[in-house]
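# An overview of the molecular structure
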Amino acid sequence: MILQALVEHYEDLLKQGRIAKPGWGKVKVSYGLNLDRQGHVLGLIPLKVAQETGGSKKKTVFVARMMEVPHPEKRSVAVCPNFLCDNATYILGVDEKGKPERTSQCYEACMEKHMELLSDIHTPAAEAICHYFEYWSPDAARQCTDIEDNWSDLMAGVNLLFYYEGEAVTEDPAIREAWQQFYDRKDESGQTLCLVTGKKDKLAVLHPSIKGVRGAQAMGASLVSFNAASFCSYEKEQGANAPVGEYAAFAYTTALNELLNDRAHTGTIGDTTVVCWAEGGESLYQDVGMMAMFGLTDESGMTDGELRAIIGKVANGEPVQIEDIRLDPDRHFYVLGLAPNAARLTVRFFMRDSFGTMIRHVNEHQERLRIVNARQKEYPIIPIWKLMSETVNQNARDKSPSPQMAADTLKAVLTGGKYPASLLNAVMLRIRAEHRITRERAAMIKAYYLKNENKDCPKEVLQVMINEESKNVPYTLGRLFAVLEHLQQEANPGINTTIKDKYFNSAAATPAQIFPLLLNLAQKHLRKLANEGHKVYFNRQIGKLAEVIGESFPKRLNLPEQGAFQLGYYCQTQKRYTKKEEN
């Protein structure tokens, strides 16, 4: 299913001319090896481009340029040269790996391949490459000033592309045609039925590498591979265990690499790299899908209100017109999550549904997250990464959330399923550790129990604003704790440590042990108040809430009841801050 969807996406992009046709691929190229008509090396042309990296502390680095070149070979152990674009071992015949015989074999194989394809092509660029291999001496490589100056970079394995007098040889029509004919040659032997296309094709023994998954090997990783005998069946080797034709292997890997290389439409959650696409290949679906999942960015060109309006219309099944493009809610939409696993990739999730259905699930999720915030009159979209950041210690060296929890949460959001229990546990652990309930943490508790219903945390406590009519005891206890904390702060202006820092966790878990102590402490705080009006206000608040609780406090609160306690505390605190803002 994944490979079929990616092959279809490749064909959609190919129709629009937005992706390389079979035989070609995008590769990171650092330098152009510039030649003259006689094949002499004129120097290296730097091809790296500036790129901003980092979050708040942005810095500019130079990275290899993505260029369309003849499709590179998938290498294992055998010597296997690429055409026109390769590393210094193959193109220059030099490296520092300590295996001179193998280095010589790589260079000779590269020379043979280029001479075979270009010896009958009589264009200046083709003749320059042939002359280069006739006259070049690897031993004299360091005599070239540009090569010497960039030696360490070249030894790191960066790619070089042949240039002829300042122009990439891939622009030469005759050279392109020679490569295309070579690539399209059909070998009728060894053909098999492709499981992806349903057509006969030559078996892809090794599939091209996937690059761009965060945490995976820089040289690329495999989505489909069989590298040990335990993975094989009926004495078949490698790709023969799951026959995929060369065309399908090229198409799905090219499409996936294109998606991963498009950083504007790539998101990360935990250790999972997330990409999405729509049937037909229109990028506007990706724009809206990524913003719905990961929030707005500086490059979005859209306000939170505009995004909410679009999501709302699509969720209701209404078509939306943006920049002369019509968003169809019935269009098939795909979301794929990949995680690193040594030399291979793990599929965390793969989802296929209509665009409108997925956006409706995201919209319902955001509605469940709506909760009062005194500092914001609106209810902005809370992106998934922001929710996950609230489950980890921000002072820790590793601020990454649990990979499986993050992936399961995003999957639940997009499919409309129940949230994972690990999400609630992570939120509760952070609240207990920090004694702090942020808007995002309160929102996650509310959303969790709205979707994963529990009688001990009923809907009456899962409201956007404070529910002063609620008779739920744990919720009321949370409200009472907030009032007692407010009283302490009023009686001791400028106090740094409150009852929240010392008693919050125990008050939420074992109210019968803590609240009598807190109420006795409150009497001392009341006596400290100079303002009689404040005394009357706090006495009235405490009495009103105590009446709901009854004559005795619960001995213990289970996890859902603790959630109700925390929501009561949060909403009561926000009510106080709201009054301050209004004043």
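Everything below is about the structure printed above this text.
Residues numbered from 1 in each chain as written. Predicted model: local features only at pLDDT ≥ 70, side-chain atom pairs only at ≥ 80, totals over all residues. Heavy atoms only, no water.

Looking only at helices and strands, one finds 20 helices and 17 strands in the chain. Relative to the compact-globule value of 25 Å for 583 residues, the chain shows a C-alpha radius of gyration of 32 Å, a clear excess of over 25%. By principal-axis analysis of the C-alpha atoms, the chain measures approximately 100 × 50 × 50 Å. Counted over contacts in the chain with a minimum sequence separation of 6, partners at least 24 positions apart contribute 68%. Carbon and sulfur atoms form 48% of the exposed surface of the chain, whose accessible area is close to 28600 Å². Across the chain, 70 positive and 72 negative side-chain charges occur, with their mean positions spaced 13 Å apart. (Helix = DSSP H or I, 4+ residues; strand = E, 2+ residues; numbered from the N terminus. Rg over C-alpha atoms; globule rule 2.2 N^0.38 Å. Contact = heavy atoms within 4.5 Å. Areas by Shrake-Rupley, 256 points an atom, 1.4 Å probe, with all protein chains shown as cover. Lys, Arg positive; Asp, Glu negative; His and termini not counted. Charge placed at Lys NZ, Arg CZ, Asp CG, Glu CD.)

The sheet built from four strands is open, its strands ordered β12-β13-β16-β17 with antiparallel pairing. Looking at strand neighbours, the two that pair on one side only are β12 (266-269) and β17 (344-354), the edges of this open sheet. Taking the axes of each pair of neighbouring strands and ignoring which way they run, one obtains an average angle of 25° across the sheet. Here helix α9 (residues 283-294) sits on the sheet and contacts β12, β13 (272-278) and β16 (332-341); the angle it forms with β13, its principal contact strand, is near 145°. Along the sheet, helix α11 (residues 355-369) makes contact with β16 and β17, crossing β17 at roughly 100°. (Pairing = 2+ DSSP bridges. Axes fitted to C-alpha atoms, helices over the stretch in contact; angles between N-to-C directions.)

Within the fold, threonine 103 resides in helix α3 (residues 100-118). In this structure, threonine 103 is in contact with Thr89, Gly93, Val94 and Asp95, ignoring residues within four places of it in sequence.

A few words on the nonpolar core. Membership of the largest hydrophobic core comes to 92 residues, with the highest contact counts inside it found for Leu327, Val335, Phe481, Phe515 and Phe565. Per-element accounting of this core gives the leading share, nine residues, to helix α16 (residues 473-491). In this view, valine 335 contacts Val274, Val275, Cys276, Met293, Phe349, Phe350, Met351, Met358 and Leu414; residues no more than four positions away in its chain are not counted. Core analysis: the second largest hydrophobic core is formed by 49 residues, Leu33, Leu47, Leu92 and Val158 among them. (Core = buried A, V, L, I, M, F, W, Y, C linked by side-chain atoms within 4.5 Å. Buried < 20%, exposed > 50% of the residue type's maximum accessible area, 1.4 Å probe, protein only.)

The subject of this paragraph is the packing of aromatic side chains. A complete count under the given rule lists 26 aromatic pairs for this structure. Residues phenylalanine 83 and tryptophan 179 carry aromatic rings whose centres are separated by 5.4 Å and whose planes lie at 15° to one another, so their mutual orientation is stacked. Taken as a pair, phenylalanine 83 in the loop between β6 (65-70) and β7 (85-87) and tryptophan 179 in helix α7 (residues 173-184) lie far apart in primary sequence, 96 residues in all. The pair phenylalanine 83 / tryptophan 179 is uniform in exposure class, with both members buried. Here the aromatic cluster, defined as three or more aromatic residues joined through ring pairs, consists of Tyr10, Phe83, Trp179, Phe182, Tyr183, Tyr247 and Phe250. Cation over ring: arginine 142 sits above tryptophan 151, and NZ or CZ is 4.1 Å from the ring centre. Sitting above the plane of the tryptophan 24 ring, arginine 176 keeps its charged end 4.0 Å from the centroid. (Phe/Tyr/Trp six-rings, centres within 6.5 Å; stacked < 30°, edge-to-face > 60°. Lys NZ or Arg CZ within 6 Å of the ring centre and 35° of its normal.)

This paragraph deals with the environment of lysine 386. Note that lysine 386 resides in helix α12 (residues 384-389). Taking the relative accessible area as the measure of exposure, lysine 386 reaches 27% and is therefore partly exposed. Between the C-alpha atom of lysine 386 and that of phenylalanine 294, which follows or precedes it by 92 residues, the distance is 8.5 Å.

An ideal rise of 1.5 Å per residue puts 20 Å on 14 residues; helix α1 (residues 2-15) measures up with 20 Å between its terminal C-alpha atoms. Among all positions of α1, only Ile2, Leu3, Ala5, Leu6, Val7, His9, Tyr10, Asp12 and Leu13 are buried. Those residues of α1 that are buried are in contact with α8 (246-261), β13, β16 and β17. (Expected span 1.5 Å × (residues − 1).)

A few words now on the pattern of salt bridges. According to the stated counting rule, one finds 21 salt bridges in the structure shown. Residues aspartate 86 and arginine 75 are paired through a salt bridge, measuring 2.4 Å at the closest nitrogen-oxygen approach. Of this pair, aspartate 86 sits in strand β7 while arginine 75 sits in the loop between β6 and β7, placing them 11 residues apart in sequence. Classification of arginine 75 as partly exposed rests on a relative accessible area of 28%. For glutamate 148, the salt bridge identified is with arginine 142, shortest N-O distance 2.8 Å. Taking relative accessible area as the criterion, arginine 142 reaches 42% and is therefore assigned partly exposed. Here the salt bridges share partners, and the residues they tie into one network are Lys386, Glu390, Arg430, Glu434, Arg436 and Arg441. (Salt bridge = Lys/Arg side-chain N within 4 Å of Asp/Glu carboxyl O.)

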